[in-house]
Amino acid sequence: MSFGDTPITVIGNLTSDPELKFTENGAALAKFTIAATPRVFDRESNQWKDGTATFFRCAAWRQLAEHAADSLTKGSRVVAWGRIRQHDWKTDQGENRSMLVLDVDEIGASIRFTTVTINAKRPAQNAPAVADDAWNTTAASGKQESDEPPF
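Residues numbered from 1 in each chain as written. Predicted model: local features only at pLDDT ≥ 70, side-chain atom pairs only at ≥ 80, totals over all residues. Heavy atoms only, no water.

1. Concerning the packing of aromatic side chains
Tallied over the entire structure, the rule returns 1 aromatic pair. With 5.3 Å between their ring centres and 65° between their planes, Phe 41 and Trp 48 make a pair best called edge-to-face. On the basis of relative accessible area, Trp 48 is assigned to the exposed category, the value being 52%. (Phe/Tyr/Trp six-rings, centres within 6.5 Å; stacked < 30°, edge-to-face > 60°. Buried < 20%, exposed > 50% of the residue type's maximum accessible area, 1.4 Å probe, protein only.)

2. Some remarks on the pattern of salt bridges
Considering all chains together, one arrives at 6 salt bridges under this definition. Glu 19 is the salt-bridge partner of Lys 21, the closest N and O atoms lying 3.2 Å from each other. A relative accessible area of 41% means that Lys 21 is categorised as partly exposed. For the salt bridge of Asp 50 with Arg 39, the shortest nitrogen-to-oxygen distance reads 2.8 Å. (Salt bridge = Lys/Arg side-chain N within 4 Å of Asp/Glu carboxyl O.)

3. A word on the pairing of strand E1 (residues 6–14)
Summarising the sheet, E1 and strand E7 (residues 77–90) pair through 8 bridges and their orientation is antiparallel. Across the sheet, the residue bridging to Thr 6 is Ile 84, located in E7. Two strands pair when backbone bridges link them, and E1 and strand E3 (residues 28–36) are joined in this way by 2 bridges, in the antiparallel orientation. Bridging from a neighbouring strand, Asn 13 pairs with Ala 35 of E3. (Pairing = 2+ DSSP bridges. Helix = DSSP H or I, 4+ residues; strand = E, 2+ residues; numbered from the N terminus.)

4. Examining the environment of Arg 39
Positionally, Arg 39 belongs in strand E4 (residues 39–42). Judged by its relative accessible area of 49%, Arg 39 falls in the partly exposed class. Along the backbone, Arg 39 and Thr 52 are 13 residues apart, and their C-alpha atoms lie at a distance of 8.8 Å.

5. Observations regarding the nonpolar core
By size, the foremost hydrophobic cluster in this structure holds 17 residues, and its most contacted members are Phe 32, Ile 34, Val 104 and Ile 107. Elements supplying a minimum of two residues to this core: E1, E3, strand E6 (54–61), helix H1 (62–71), E7 and strand E8 (96–109). Residues in contact with Ile 34, not counting those within four places in the same chain, are Val 10, Gly 12, Asn 13, Leu 14, Thr 54, Phe 55, Phe 56, Cys 58, Val 78 and Ala 80. (Core = buried A, V, L, I, M, F, W, Y, C linked by side-chain atoms within 4.5 Å. Contact = heavy atoms within 4.5 Å.)

6. Description of unusual backbone geometry
The phi dihedral of Asn 46 falls on the positive side, at around 60°, and the residue is not glycine. Inspection of the secondary structure puts Asn 46 in the loop between E4 and strand E5 (47–50). Even without glycine at this site, Arg 62 takes up a positive phi of about 55°.

7. Remarks on a nonpolar patch on the surface
Residues Ile 111, Val 116 and Ile 118 make up a contiguous nonpolar surface patch of about 340 Å² in total accessible area. Tracing the backbone shows Ile 118 in the loop between E8 and helix H2 (137–141). Judged by relative accessible area, Ile 118 falls into the exposed class, the value being 76%. (Patch = residues over 30% accessible without salt bridge, like charges linked within 9 Å, V, L, I, M, F, W, Y side chains within 5 Å. Areas by Shrake-Rupley, 256 points an atom, 1.4 Å probe, with all protein chains shown as cover.)

Below, the structure written as structure tokens:
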């Protein structure tokens, strides 16, 4: 994040499956929308009711985009963190347009109302091998795993 960015955390539900595309340079881009709907307590009826939903158009890039497209579906409750960006353009008729987009840096499933199973994947090709991983205590010591803490 750079100076002047507007960081934001959004919690809500995906309105559709993430749409995965690739740029001309081969970079993955996932586009999706998160609907954040506040719950308000109506004292007259003594019940919780949905407030007005706010819709956040989102973009995730590269490996995060691919993971989001593989992991998330319409209706998934997510916690997303990123930066608000304004995109400006001109229509074919010459009209100026702008829109705010959440450039997502982190996204994950919310477990407030459900459970999830995490399926850890192998590191990326440019990541260090397991034997080179300083946190991998079994490779560094040559010992088998034990119940003892690694420190």
